[in-house]
Structures are given as C-alpha cells and as structure tokens.
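# Summary of structural features
Residue strings, one per chain:
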Amino acid sequence: MRILVTGGAGFIGSHLIDRLMEDGHEVICIDNFYTGHKRNILKWLDHPYFELIRHDITEPIRLEADQIYHLACPASPVHYQYNPVKTIKTNVLGTLNMLGLAKRVKARFLLASTSEIYGDPEVHPQSEDYRGNVNPIGPRSCYDEGKRVAETLAFDYHRQNDVEIRVARIFNTYGSRMFEQDGRVVSNFVVQTLQGKPLTVYGDGSQTRSFCYVSDLVEGLMRLMNGEHTGPINLGNPDEYTILELAQAVQKMVNPDAEIIFKPLPQDDPKRRRPDITKAKSLLGWQPTVPLQEGLKMTVEDFRARVASPQGQHLASVSE
Ligand code: NAD
Ligand code: UDP
Ligand code: UDP
C-alpha cells in the first residue's frame, strides 16, 4: 500500500514509519520540521519506497495514498503553546486539508487525537463516552479544542462524504527518539538526571499520568487503522503513576543522588489521567506490553547515547 504519514519526522510518526517500511509499504512522509527532525527518518531517506516532503499541512497539497496516518501537530505543551494560533491552524486547517485529500483519493484516514480532549477529567478512568472537561479559553485550549474540532471534522467527513475514518485518543506516550528539548515530563526528567541537574516536578507531584511505551502505541495505531472500527478508541497504558513517583523512578534508575525540586503547577494541568482501554482490548485485541520500568530503561539508554554525543551536547548547550 501507499501510506501517507503526516508529522512522520516526529517522535511517534518516525516509529510508525519504521514499522510501515519494515512491512514493505510505500511511505510518504509530510513534515514541516517544527518539532520533528530529519535524523528520526535518516535511515529511510535513500530508500526507493520512501519519500519525504517538507510541507506545512495548513496549505493544501495533492498526492495519492491508500491510507493516511494524520499525526502532524506539536504534542508537548511547551511547543503547542509557543504559537497557539498556529496550533489551531494545524489542527483545523491542516486536518481539513488532509480530510479533503482523503475524500479526493478515497483513502482511509486515521486521526491521532488525544486524551486532552477529556481536559481535566471529572470521571476516572476516562472511557470514550466521557465528553470531557476542557477550559475553552485557557492556555491548553489551542491544543485541546483544536483536537476536538479535528475529531468533529473527521466524523463530519465520514457522515457527509463517506470518508473512512479511524480516531485514536492517544494517552501520554514516551520512548526513544523524543526530542531532548521536547519539554514533556519523561524526556525532561531523563535529560535532567543524565546532565546532573535537579528534576523539576511541577506542583506537589500528586497529579497522575499513565505512560505508554511508543512501540505499544504504534501497534495500537496500526491495528485501529487496519481494523473495522471507526472509534474513537483510547490507546494508552492504564498503569497510573503520580509525577513524583515517576521522578523517583528516574532518579533511582539514573542517579540516586539527583535532587528533586518543585516548581509552580502550570494553569489547567489535569489532576488525574488514566485510560479505560476496554474498547481497545475487545475491539482491537490490543493492550500495552511494556511496563514502565522496562520502557524507561530503553528511553534512558537512547538519551544517554544522544546526550553524550557531540550533537547532543550541542543541542543541550543551545537550550541554556
Ligand atoms: P512530535 O511533536 O514529535 O511530532 C509532531 C510532528 O508534526 C513533528 O514532526 C512536527 O514537525 C510535525 N508538524 C507539526 N505541525 C506541522 C504542520 N503544520 N505541518 C506539517 N508538519 C507539522 O509529537 P508526537 O508525540 O510524535 O505526536 C504525534 C501526534 O500524536 C500528534 O498529533 C499528537 O497530538 C498526538 N499525541 C501524542 C501524544 C504523546 O504523548 N506523544 C499523546 C496524545 C496525542
Ligand atoms: N485539499 C487538499 N488536497 C486534496 C484535496 C483537497 O489539500 O487533494 C484541501 C482543499 O484545498 C480544501 C480542503 O482540502 O482546502 C477541503 O477539501 P474539500 O474538497 O473537502 O472542500 P472544498 O475544496 O470543497 O472546500
Ligand atoms: N511535568 C513536571 N515536570 C516537567 C514537565 C512536566 O512535573 O519537567 C508535569 C506536568 O505538569 C504534568 C505532567 O508532568 O502534570 C505531564 O506533563 P507533560 O507535559 O508530559 O504532558 P501532559 O500530560 O500535561 O500533556
């Protein structure tokens, strides 16, 4: 099949491309390199079945594909809040363009939605029928509401134009290849301990998240795309940890002498988050297989190699 991956030079997108290429598909990657990097897809650049297009999806583009994995959108609060209007354009205009493309070429379209559409949830754990508690005017809303409109667009193209859609609600995912300055909690804690800096816990660290290793997530996305169910379907690891527990786990693994310091909690930071994955289990036969300790170990090894490399050191010094 010819498969288009938007945001394919990013963290999840590049792992997905590895799987698709290894399965023998023809892959087109679209990316504007806002938070993605060519090095994530370096090994495929010369492959005859791989094509990289530097393109911003807020502009229309004409291509042919059988399937579209639509992942293009900054995912870290630091990056999506840097230019919130652009984040809205990417989610609304970008998703509209990719759905227009899917309609024109009759491609199946998978949207990488997010647990953020549940906002600061009043229901725990979150199942797909929960409609969420999102602040429409806060600093996170460019992303949260943007993704909610992206879901609405997908369902309206489905109902109005018969576009075959799949909607994945992805919960916190981590793993190798996360950008050193991504700003999300796992990469921050790992980079901080490796560099001998204190771990920055926001608030008192009692807020919770559930962390899914990237290989598990990619498997879930592929099962959803190739299965019969439109979704939305939650994809995430139901093991829930407080952020302080996560900091202590990284501290213990990398440097038991590392200091943990507390910083102010960002506005609208969700207090609890854990996916109900009953649907993914029953409809896709999917559940995560990599426990946090194991996933963290692989992540630390990947970062250790990069932070110690000349390029890694260069990137680290740029951030200071
Ligand atoms: P990422 O930031 O590493 O990847 C996003 C990619 O999209 C980057 O390569 C970036 O350059 C590209 N991009 C951004 N705006 C673009 C535009 N206008 N045109 C073209 N390319 C653009 O993030 P990720 O963690 O790999 O997330 C991928 C997708 O999964 C995102 O849609 C995100 O919302 C979703 N998601 C991720 C998580 C997570 O925990 N990682 C959780 C929920 C949802
Ligand atoms: N679009 C695109 N590539 C295509 C087909 C459509 O980028 O191959 C864009 C198109 O420019 C438009 C959007 O997708 O902005 C929605 O397209 P659709 O055909 O649904 O709507 P219309 O063009 O009628 O507004
Ligand atoms: N967080 C933290 N220290 C950091 C980065 C994040 O304590 O250096 C917290 C953040 O406040 C949130 C959780 O970790 O409660 C997850 O943050 P992240 O940005 O990874 O993703 P979110 O789930 O909030 O989108």
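Residues numbered from 1 in each chain as written. Chains lettered and ligands numbered in written order. Predicted model: local features only at pLDDT ≥ 70, side-chain atom pairs only at ≥ 80, totals over all residues. Heavy atoms only, no water.

Let's shift gears to the UniProt feature "domain: NAD(P)-binding" (unreviewed entry) in the chain. Under the present numbering, the feature "domain: NAD(P)-binding" (unreviewed entry) in UniProt falls on residues 4–299. The distance separating the terminal C-alpha atoms of residues 4–299 is 27 Å; by composition the span is 37% helix and 18% strand. (UniProt positions renumbered as here; feature names shortened; annotations may be inferred. Helix = DSSP H or I, 4+ residues; strand = E, 2+ residues; numbered from the N terminus.)

Under the definition given, this model contains 0 disulfides. There is no disulfide at C29, and the cysteine sulfur nearest it, in C73, is 15 Å away. (Disulfide = S-S within 2.5 Å.)

What follows is about helix α9 (residues 292–308). With 17 residues, α9 should cover 24 Å at 1.5 Å per step; its first-to-last C-alpha distance of 24 Å lies within 8% of that length. Turning to α9, its buried residues are L292, G295, L296, T299, V300, F303, R306 and V307. All buried residues of α9 fall inside an arc of 135 degrees around its axis, so they share one side. Relative to its buried face, α9 has exposed residues pointing more than 90 degrees away, namely K297, A305 and A308. (Expected span 1.5 Å × (residues − 1). Buried < 20%, exposed > 50% of the residue type's maximum accessible area, 1.4 Å probe, protein only. Arc of directions from axis to C-beta.)

Next up on the list: the site of ligand 1. Not every one of the 29 residues close to ligand 1 is listed here, only the nearest: D31, T35, Y143, T173 and R184. Measuring from an oxygen atom of ligand 1, one finds a side-chain N or O atom of T35 at 2.6 Å. Within the side chain of D56, a nitrogen or oxygen atom sits 3.0 Å from a nitrogen atom of ligand 1. Protein burial of ligand 1: of its 820 Å² of free accessible surface, 97% is covered by the chains. Listing elements by their share of the shell around ligand 1, those giving two or more residues are α1 (11–22), β5 (108–114) and α4 (141–161). (Near = heavy atom within 4 Å. Polar contact = N/O pair within 3.5 Å; in protein donor to acceptor, adjacent residues only side chain to side chain. Areas by Shrake-Rupley, 256 points an atom, 1.4 Å probe, with all protein chains shown as cover.)

A separate point is the site of ligand 2. Surveying the vicinity of ligand 2 reveals the residues P60, I61, R62, L96, N97, G100, L101, K103, R104 and Y157. Contacts to ligand 2 include I61, whose backbone N or O atom sits 2.6 Å from a nitrogen atom. Contact distances for ligand 2 include 2.5 Å between an oxygen atom and a side-chain N or O atom of Y157. For ligand 2, whose free accessible area comes to 510 Å², the fraction covered by protein is 62%. If one sorts the elements of the shell around ligand 2 by residue count, helix α3 (residues 84–105) sits on top with 6 residues. A class-by-class count of the residues in the shell around ligand 2 yields 5 nonpolar, 2 polar and 3 charged. (Nonpolar A, V, L, I, M, F, W, Y, C, P; charged D, E, K, R; others polar.)

With that settled, the discussion passes to the packing of aromatic side chains. This structure, assessed with the given rule, holds 5 aromatic pairs. Between Y118 and F171, the aromatic rings sit 6.1 Å apart at their centres with planes inclined by 40 degrees, giving tilted as the arrangement. Here Y118, found in the loop between β5 and α4, pairs with F171, found in the loop between β6 (165–170) and β7 (173–174); they are 53 residues apart in sequence, far enough to count as distant. With respect to class, Y118 is no different from F171; both count as buried. (Phe/Tyr/Trp six-rings, centres within 6.5 Å; stacked < 30°, edge-to-face > 60°.)

Once that is clear, we can look at the side chain of T193. Positionally, T193 belongs in helix α5 (residues 185–194). On the basis of relative accessibility, which here comes to 4%, the residue T193 falls in the buried class. Beyond its immediate chain neighbours, meaning those up to four positions away, T193 contacts L199, V250, Q251, V254, N255 and A258. (Contact = heavy atoms within 4.5 Å.)

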